[in-house]
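Here is how the chains run, residue by residue.
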Amino acid sequence: MLKLKVKGMTCGHCAQTVTKAVEALPAVERAVVDLSAGEVAVEGAAGEAAVRQAIEDAGYEVQGLAA
């Protein structure tokens, strides 16, 4: 599972936007956003670079891997 810190998510709509953007990638099985932690967990075989790009294309900043 890939977990990334995402900056800029402030509400449920933000979380939904990030979830949809990541889940649109072909190798992603599921994406779960933890809004309070500012993290997204991604299940599937998508590469980190592709997930980062999808999040950034949606208008958010990836700050790196989450602990």
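Residues numbered from 1 in each chain as written. Predicted model: local features only at pLDDT ≥ 70, side-chain atom pairs only at ≥ 80, totals over all residues. Heavy atoms only, no water.

## Topic: the nonpolar core
Note the threshold: Side-chain atoms within 4.5 Å are what join buried Ala, Val, Leu, Ile, Met, Phe, Trp, Tyr and Cys residues into a set we call a nonpolar core. Each residue is assigned to one of three classes by its accessible area relative to the maximum for its type, calculated with a 1.4 Å probe on protein chains only: buried under 20%, partly exposed between the two thresholds, exposed over 50%. A helix here means a DSSP run of H or I that spans at least four residues, while a strand means a run of E at least two residues long, and both kinds are numbered starting from the N terminus. Contacts: residue pairs with any heavy atoms within 4.5 Å of one another.
Membership of the largest hydrophobic core comes to 20 residues, with the highest contact counts inside it found for Val18, Val22, Val40, Val51 and Ile55. Among the secondary structure elements, those contributing two or more residues to this core are strand S1 (2-7), helix H1 (12-23), strand S2 (28-34), strand S3 (39-44) and helix H2 (48-57). The element contributing the most residues to this core is H1, with four residues. Other than its neighbours up to four places away in sequence, valine 51 contacts Leu2, Leu4, Val22, Leu25, Val42 and Ala46.

## Regarding the pattern of salt bridges
Rules: Within this document, salt bridges are pairs made up of a side-chain nitrogen of Lys or Arg and a carboxyl oxygen of Asp or Glu, the two lying within 4 Å of each other.
Under the counting rule described, the total for this entry stands at three salt bridges. With a closest N to O distance of 3.9 Å, glutamate 39 and lysine 3 form a salt bridge. You can see glutamate 39 sitting in strand S3 and its partner lysine 3 sitting in strand S1, a full 36 residues away along the chain. Classification of glutamate 39 by relative accessible area gives buried; the value is 14%. In this structure, arginine 30 engages glutamate 43 in a salt bridge whose closest nitrogen and oxygen atoms are separated by 3.3 Å.

## With respect to H2
What counts, and what does not: The directions considered for the arc run from the helix axis to the C-beta atoms.
Considered for burial, the residues of H2 that qualify are Val51, Ala54 and Ile55. The buried side chains of H2 occupy one side of the element, clustering within an arc of 95° when seen end-on. Facing away from the buried surface of H2 by more than 90 degrees, the exposed residues are Ala49 and Asp57. The secondary structure elements touched by the buried residues of H2 are S1, H1, S3 and strand S4 (61-65). Downstream of H2 by a residue or two, glycine 59 has a phi angle that is positive, lying close to 105°.

## Here's the deal with the sheet that holds S2
Here is the rule: Note on pairing: DSSP must find at least two bridges between two strands before they are called paired. Inter-axis angles, ranging from 0 to 180 degrees, are taken between N-to-C directions of lines fitted to C-alpha atoms, where helices are fitted over the stretch in contact.
Ordered by their spatial adjacency, four strands build an open sheet running S2-S3-S1-S4, and the pairing between neighbours is antiparallel. Only two strands of the sheet have a single neighbouring strand rather than two, namely S2 and S4. Direction aside, neighbouring strands of the sheet carry axes that sit 30° apart on average. Sheet topology note: the S1/S4 ladder contains four bridges and is antiparallel.

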